[in-house]
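Architecture and fold: a report
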Amino acid sequence: MRLFVAIELDEPFRNHLIHLQDALRPAAPRASFTKPDNLHLTLKFIGEVEKNKVPPLCDALRAVPQLNEFPLHYTGIDLLPERGPIRILAAAVDGGDKLLTLQSAIEDACATHDIPRENRRFRPHITLARAHNPLPRSIRPNILAASQPAEAAQMPVRQFVLMQSKLSDKGSEYSVLYKIALL
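An account of the accompanying structure is given in this report.

Calculation criteria
- Residues numbered from 1 in each chain as written.
- Predicted model: local features only at pLDDT ≥ 70, side-chain atom pairs only at ≥ 80, totals over all residues.
- Heavy atoms only, no water.
- Pairing = 2+ DSSP bridges.
- Helix = DSSP H or I, 4+ residues; strand = E, 2+ residues; numbered from the N terminus.
- Buried < 20%, exposed > 50% of the residue type's maximum accessible area, 1.4 Å probe, protein only.
- Phe/Tyr/Trp six-rings, centres within 6.5 Å; stacked < 30°, edge-to-face > 60°.
- Lys NZ or Arg CZ within 6 Å of the ring centre and 35° of its normal.

As for the pairing of strand β8 (residues 159-168)
As paired strands, strand β1 (residues 2-8) and β8 are joined by four bridges and run antiparallel to one another. Within the sheet, the bridge partner assigned to Leu3 lies in β8 and is Gln164. Connecting β8 to the antiparallel partner strand β9 (residues 171-181) that follows it, the hairpin turn spans two residues.

This is the structure in structure tokens:
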């Protein structure tokens, strides 16, 4: 099973990002935009896990320290990587210290099940589009202009989820396997 840990988006936040995607389409016509139902904030990509190892992983995630609810804020457009051709158009988000603490605790929980830690610094973002053929950096100003003025958007984070990703010819399909409340 191909798994990851994520924060699902509430409807108003998701709608904000859908409007943002619509504004970005003319500036990045060759990009493949994320399906609205697939918009989420990844906290930890796990990868392939045998089915019998999922219940103990859920137990480890349930043991993540409780942080209580916290706000998640949209902070602007992120074009990745920072240097060179653009491969990902993303919504940058901020959840303050609680988001960083949650993500770190999830890394720790996964590490107890021999899931390798991420080597890169956690950069909270929601992928809006991918460019299978990288976009030239020269269109960066057009993308940034298309995303302005961006209204402020925020949502309360009350839980995180263990998700399964199934790849098909229609793209990725995500389903929630387990929910972990933060309250």
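Moving on from the model shown.
Observations concerning unusual backbone geometry
Note that the residue after Leu80, namely Pro81, is joined by a cis bond; omega there is -5°. By the secondary structure assignment, Pro81 is in the loop between β4 (70-80) and β5 (86-94). Phi is positive for Asp114, close to 60°, though the residue is something other than glycine. By relative accessible area, which is 72% here, Asp114 ends up exposed.

As for the packing of aromatic side chains
Tallied over the entire structure, the rule returns one aromatic pair. Pairing Phe4 with Tyr174 gives two aromatic rings, centres 5.1 Å apart and planes at 75°, and the pair type is edge-to-face. With Phe4 in strand β1 and Tyr174 in strand β9, this pair connects stretches of sequence that are 170 residues apart. With relative accessibility at 27%, the residue Tyr174 sits in the partly exposed group. Between Arg25 and the ring centre of Phe33, over which it is positioned, the NZ or CZ distance is 4.5 Å.

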